[in-house]
Structure formats: structure tokens, C-alpha cells
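Examination of the molecular architecture
For reference, the chains in residue letters:
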Amino acid sequence: MSDIKVDGFKASDIIVDLHTAFDGFTDAERQAQVKKTKGIFELKITNDDKKEAVWTIDLKKNGVILKGLASPKADVTLIMSDDTFSQLASGKMDGQKAFLTGKLKAKGNIMLATKLAAVLQMAKAKAKL
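Residues numbered from 1 in each chain as written. Predicted model: local features only at pLDDT ≥ 70, side-chain atom pairs only at ≥ 80, totals over all residues. Heavy atoms only, no water.

The name given to the protein in an unreviewed UniProt entry is Sterol-binding-like protein, and the organism recorded there is Suillus plorans.

Shown next, in the form of C-alpha cells:
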């Protein structure tokens, strides 16, 4: 788990929680999430010190979360600040609003980007159980 943690990022704790939730899935739950999402998200998050961290959420084949660039290529790359990601994950900010106000940039399959909120909420619910 510590291999996905990046010091100096609030997003890192959220990603670790997401990773823990994914680890708690049964194979059937994991495959259901993969089937529902069918995509690879690459998250490029910049903190207040202008340092960037990259995580990949693979919900196309394996249902895993990794630190680093997507391999194979991501279906959608989301670029945002640490604060924006924290607000999206907590539900305090809507993804569409973040996109329309320029706080969230997306490259690739933008329609897939709309599924990220559901992934974050599902993992948040699983972590609370």
C-alpha cells in the first residue's frame, strides 16, 4: 500500500483509501466494477508546491490502482490540483462544475471521466463498511 503513497499530497491518502477498498473487493465485486466502468483513468495531481504525482486507476481489465503513468495508455487523463481532487472525492465539488470552471482538465474519453465520481463514491462507501 505504501508503494502508492506520495508525501505532500492530500490526494495520496484518498488514493490509499481507494486502494484499500479495492483490495477488500471480492473477485465478483471487482469484475462488476470493471464491467460497469470499462476504462483506465490516469490522474495527474499537482500540490501547492507545484509538484506532480500520477496515479492510474485501471478499471478496464484488472481493477487495480497503481502509482505512475498508465500502461497500457489511459482512456482518459485527468489533470487537477490536490485541492480539487480532494473536493471531488469528498463530494464537495461536482466534476462537471470543476471541468467547466477550468479546475479539472481532461484528455481522451471525456465521457469516461464522468464515471470517476461513481468510482470514488463506491470506494468511499466500501471503506466505511
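The rest of the description comes next.
Turning our attention to the sheet that holds strand E3 (residues 64-67). Ordered by their spatial adjacency, 5 strands build an open sheet running E3-E2-E1-E4-E5, and the pairing between neighbours is mixed. Only two strands of the sheet have a single neighbouring strand rather than two, namely E3 and strand E5 (104-108). Pairs of neighbouring strands in the sheet enclose a mean axial angle of 20°, with direction left out of account. The pairing of strand E2 (residues 52-59) with E3 spans 4 bridges and is classified as antiparallel. Note on E3: the bridge partner recorded for Asp58 is Val64. Contacting strand E1 (39-46), E2 and E3, helix H1 (residues 10-23) runs over the sheet at an angle of about 20° to E2. Together, E1 and strand E4 (76-81) form the strand contacts of helix H3 (residues 82-90), whose direction differs from that of E4 by roughly 110°. (Pairing = 2+ DSSP bridges. Helix = DSSP H or I, 4+ residues; strand = E, 2+ residues; numbered from the N terminus. Axes fitted to C-alpha atoms, helices over the stretch in contact; angles between N-to-C directions. Contact = heavy atoms within 4.5 Å.)

The tally for this structure, following the rule as stated, stands at 3 salt bridges. In this structure, the salt-bridge partner of Lys5 is Asp13, at a minimum N-O distance of 2.6 Å. Residue Lys10 pairs with Asp83 through a salt bridge whose shortest N-O separation is 2.1 Å. Residue Lys10 is found in helix H1, and its partner Asp83 is found in helix H3; the two are separated by 73 residues along the sequence. A relative accessible area of 43% means that Lys10 is categorised as partly exposed. (Salt bridge = Lys/Arg side-chain N within 4 Å of Asp/Glu carboxyl O. Buried < 20%, exposed > 50% of the residue type's maximum accessible area, 1.4 Å probe, protein only.)

The next point concerns the nonpolar core. When a protein is soluble and globular, its nonpolar side chains tend to lie buried together. Judged by nonpolar contacts, the single largest core of 33 residues is most densely connected at Phe22, Phe41, Leu43, Trp55, Ile57 and Leu78. Those elements that place two or more of their residues in this core are H1, E1, E2, E4, H3, helix H5 (110-113) and helix H6 (116-128). Per-element accounting of this core gives the leading share, 5 residues, to H1. For Ile57, the residues in contact, after removing those within four places along its chain, are Leu18, Phe22, Gly39, Ile40, Phe41, Leu43, Val64, Ile65 and Leu116. (Core = buried A, V, L, I, M, F, W, Y, C linked by side-chain atoms within 4.5 Å.)

With that settled, consider the pairing of E2. Most of E2 sits out of view: 7 of its 8 residues are buried. When E1 meets E2, the two strands line up antiparallel, connected through 8 bridges. Residue pairing for E2: Gly39 is matched across the bridge by Leu59. Between E1 and E2, which follow one another and run antiparallel, lie 5 residues, and Lys50 among them has a positive phi close to 65°. Between E2 and E3, which pair antiparallel in sequence order, lie 4 residues; one of them, Gly63, sits at a positive phi of approximately 70°.

Moving on to unusual backbone geometry. The residue after Ser71, namely Pro72, is reached through a cis peptide bond having omega 5°. Within the fold, Pro72 resides in the loop between E3 and E4. One non-glycine residue with positive phi stands out, namely Lys50, at about 65°. By the element assignment, Lys50 lies in the loop between E1 and E2. The exposure class assigned to Lys50 is exposed, which follows from its relative accessible area of 69%.

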